[in-house]
Amino acid sequence: MLDKFNNLKVPGPTMTLISKPFWDAVAKHEFQLQKCSDCHKWVFYPRGHCPECWSDNLIWEIASGKGRLKTWSVVHKPGHSGWDEVTPYAIGLIELEEGPTMMSHLLIESDEDLIIDLPFEVSYMKCNDVWLPFFKKQIS
Amino acid sequence: MSNKRRVPLCAIVGIGEMAPKRFTEGATTLGMIAEVAKLAIQDAGLEKEAIDGLLVGPQVGETPQHVPATVAEYLGIQPKMGNVVDLGGSTGAGMLWRAAAAINFGMCETVLCVLANTRERDKLPPRSPNRNPIREFDVPFGASGANTSYALLKQRHMAEFSSTQEEFALIAHWARKNAQLNEKAIFYGKPASVLDVLNSPMIVDPLHLYEIVMPVAGGAAFIVTSAKAARSKGTPPVYLLGAGEKITHRAVSQSPSLTTTPFKYAISAALDQANVDIQEMDLLSLYDCYTSVVAVTLEDAGLCLPGKFGTWMKEHSFGYDGDWPLNTHGGQLGYGQPDLAGGMSHIIEAVRQLRHEANGRQIPNARLGLVTGNGATLSEVTALVLGAESC
Ligand SMILES: [Zn+2]
């Protein structure tokens, strides 16, 4: 499984100084998000200002890495040909426990039992030499 | 009700359109812009010297900056107002009210709104040079391109409302059916039944190939003047009666809702401005990059309850002679999508219908039309109410 993704020639994250702590944490298998010290909302993706209150007082905190499935898709013909060799694969939107929603790659055997609100959790995967926060079903 | 209608400020007095084609050979975007601009100014019965305002779209790869100046220079015009409208598929619709606003502010009198794109065989369009959040937080997971975003939206609709593949396929079927009356359409001569749509290859589940627009080369243009100036011309003007626009997000992951769209605001704002009801529309010219976009537009327009577009569609007929004429030119699903000019095709068709010039597919007594445009991932939308002179 690990090699399957690591050998892909696919575009990795275009990191900025502001987002670097997120990717550095992921590389250590930690899931960190920004939290606003003024309005206390969690923020994703990383920003210089809180989109809720425009405070620039954002701090990095360890987050649960857990969330629920909002929607999903099985990709047969990828938008980037680097993904061709692992088709079909699933992507989905995960609403994190902390509030924000993120796009991710779903590590699933089949899409047949997927439903809205199915619990998922982060599962780190190395893809083209970069650790990424993929998601798998939570084990109940 | 009609006595309360706002006095229209501006009108479209000329249209130009190139037949879409799969590929161009050696053409340039600027050359194609000149071609459709000429068609539009001729249709308006004006000389090019009359153009004193210019609205263009972004041109990835060819002219990344200074687009209005580059286009003005190429066309040999010296406009008093120039701008880029950058709203994806909503660019054409967004141009119309911006042209009207510029004219109404006294900046200019006659605005050329123009979009065109080349498409060379064996030469893919340049990959987006994005270095922004969608590139950093969507693309690395295998979610490149529009198909995946719209598949996620369609899947949520199906999971939440139990809408069916057959219901969505009906939208593609009607687009193909209407395209049979438009010789310019890329799928002219190629109708598709609901079963054909369902049997077309699954591209990004739950979207089939026939539910996704075909990218083509093409161009379109229209000329806008003040309503006062429009009345003195020979060409029947088509008036802008109302407009609404809204931008909510960029990436699908950041969308405030996966089942309702900014159309809910934009359509109702456009109808309010025009002081008309959706039930009064003679034509629905609805942006249709994917079947599911039409579905949610019908729902957000209030034509049916959320999730119930399929039931509603089965009760109505969508040809030029139907009770709800919808995308009588075939929509982009039947006509093809010449990049940003694809969105403009919905305006061009509405003008044709309201001028009663839609040969072979004319809606009887067409007076009012709703036009929509949508960009990114149902993120940036514009709605327009257009009216014939008879209003
Ligand atoms: Zn805040």
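Owing to the predicted nature of the structure, the values given are computational and were not obtained by experimental measurement.

A. Examining the UniProt feature "domain: ChsH2 C-terminal OB-fold" (unreviewed entry) in chain A more closely. Per the UniProt record, the feature "domain: ChsH2 C-terminal OB-fold" (unreviewed entry) sits at residues 60-123 of chain A. For residues 60-123 of chain A, the helix share is 0%, the strand share is 52%, and the end-to-end C-alpha distance is 20 Å.

B. Up close: helix α9 (residues 263-274) of chain B. Residue and element names in this part refer to chain B. Taking 1.5 Å per residue, 12 residues should reach 16 Å; α9 reaches 16 Å between its end C-alpha atoms and fits that length. Taken as a whole, α9 has its buried residues at F263, A266, I267, A269, A270, L271 and A274. The inward-facing, buried residues of α9 contact β8 (238-247), α10 (291-300), β10 (368-375) and β11 (380-388). Where α9 ends, the next residue or the one after it, N275, has phi of about 60°, a positive value.

C. Region of interest: the packing of aromatic side chains. By the definition in use, this model includes 16 aromatic pairs over all chains. Residues F22 of chain A and F137 of chain B carry aromatic rings whose centres are separated by 5.8 Å and whose planes lie at 70° to one another, so their mutual orientation is edge-to-face. Residue F22 of chain A is found in helix α2 (residues 20-27), and its partner F137 of chain B is found in helix α4 (residues 133-137); the two belong to separate chains. On the accessibility criterion, F22 of chain A (1% relative accessible area) is buried. A relative accessible area of 3% means that F137 of chain B is categorised as buried. Each member of the aromatic cluster is reached from another via a ring pair, and the members are F22, W23, F31, F44, Y45 and F135 of chain A together with F137 of chain B.

D. Looking closely at the domain arrangement of chain A. Residues and elements named next belong to chain A. For chain A, the assigned domains are domain 1 (15-63) and domain 2 (64-140). Measuring from the centre of the C-alpha atoms in domain 1 to the corresponding centre in domain 2 gives 21 Å. In this complex, domain 1 contributes 12 residues to the contact, which on the side of domain 2 involves 13 residues. Where domain 1 touches domain 2, the interface holds 0 salt bridges. Our count for the contact surface shared by domain 1 and domain 2 stands at 3 residue pairs in polar contact (both at pLDDT 80 or more). For the side of domain 1 that touches domain 2, the elements supplying multiple residues, two or more each, are α2 and β2 (42-43). Broken down by element, the residue count for the side of domain 1 that touches domain 2 peaks at 4 residues, all from α2.

E. The environment of T261 of chain B, seen in detail. All names here are of chain B. Relative to the helices and strands, T261 resides in the loop between β8 and α9. Separated by 93 residues in the primary sequence, T261 and L354 place their C-alpha atoms 27 Å from one another. Ignoring anything within four residues of it in the chain, the contact list for T261 reads V296, D300 and L378. A polar contact of 2.6 Å, which involves the side chain of T261, links it to the side chain of D300.

F. Up close: the coordination of the zinc ion. Residue and element names in this part refer to chain A. Note on the zinc ion: its protein donors are C36 (SG), C39 (SG), C50 (SG) and C53 (SG). The metal-donor distances range over 2.3 Å. Geometry at the zinc ion is tetrahedral, judged from the 4 donor atoms that bind it and their angles of 103 to 118° at the metal. Sequence spacing of the donors to the zinc ion: C-x2-C-x10-C-x2-C. A residue pair is termed long-range when its members are at least 10 positions apart, and C36 in strand β1 (residues 32-36) and C50 in the loop between β2 and β3 (58-62) qualify at 14 residues. Look at C36 and you get buried, because its relative accessible area is 1%. According to the relative accessible area criterion, C50 is buried, its value standing at 1%.

G. Inspection of the interface of chain B and chain A at higher detail. Residue-level contacts link 29 residues of chain B with 37 residues of chain A. Looking only at chain B, the three residues that lose the most surface to chain A are E136, F137 and F141 of chain B, adding up to 25% of its buried area. At the boundary of chain B with chain A, the tally comes to 0 salt bridges. Across the chain B-chain A interface, the total number found is 13 residue pairs in polar contact (both at pLDDT 80 or more). Broken down by secondary-structure element, the contributors of at least two residues to the side of chain B that touches chain A are α4, α5 (146-161) and β5 (202-205) of chain B. The element best represented in the side of chain B that touches chain A is α5 of chain B, accounting for 7 residues.

H. The pairing of β8 of chain B, seen in detail. All names here are of chain B. With respect to burial, β8 is a largely interior element, 8 of its 10 residues being buried. Two strands pair when backbone bridges link them, and strand β1 (residues 10-21) and β8 are joined in this way by 3 bridges, in the antiparallel orientation. Paired with I12 across the two strands is V238, which belongs to β8. Inspection of the sheet shows β8 paired to β11 by 9 bridges, in the antiparallel sense. Of the residues in β11, the one forming a bridge with E245 is T382.

What counts and how
- Residues numbered from 1 in each chain as written.
- Chains lettered and ligands numbered in written order.
- Predicted model: local features only at pLDDT ≥ 70, side-chain atom pairs only at ≥ 80, totals over all residues.
- Heavy atoms only, no water.
- UniProt positions renumbered as here; feature names shortened; annotations may be inferred.
- Helix = DSSP H or I, 4+ residues; strand = E, 2+ residues; numbered from the N terminus.
- Expected span 1.5 Å × (residues − 1).
- Buried < 20%, exposed > 50% of the residue type's maximum accessible area, 1.4 Å probe, protein only.
- Contact = heavy atoms within 4.5 Å.
- Phe/Tyr/Trp six-rings, centres within 6.5 Å; stacked < 30°, edge-to-face > 60°.
- Domains from an automatic or database assignment.
- Salt bridge = Lys/Arg side-chain N within 4 Å of Asp/Glu carboxyl O.
- Polar contact = N/O pair within 3.5 Å; in protein donor to acceptor, adjacent residues only side chain to side chain.
- Donors = N, O, S within 2.8 Å, 3.2 Å for Na, K, Ca; no water.
- Tetrahedral: all angles 85-135°; square planar, octahedral: opposite > 155°, others 65-115°.
- Buried area = accessible area lost by both parts, 1.4 Å probe.
- Pairing = 2+ DSSP bridges.

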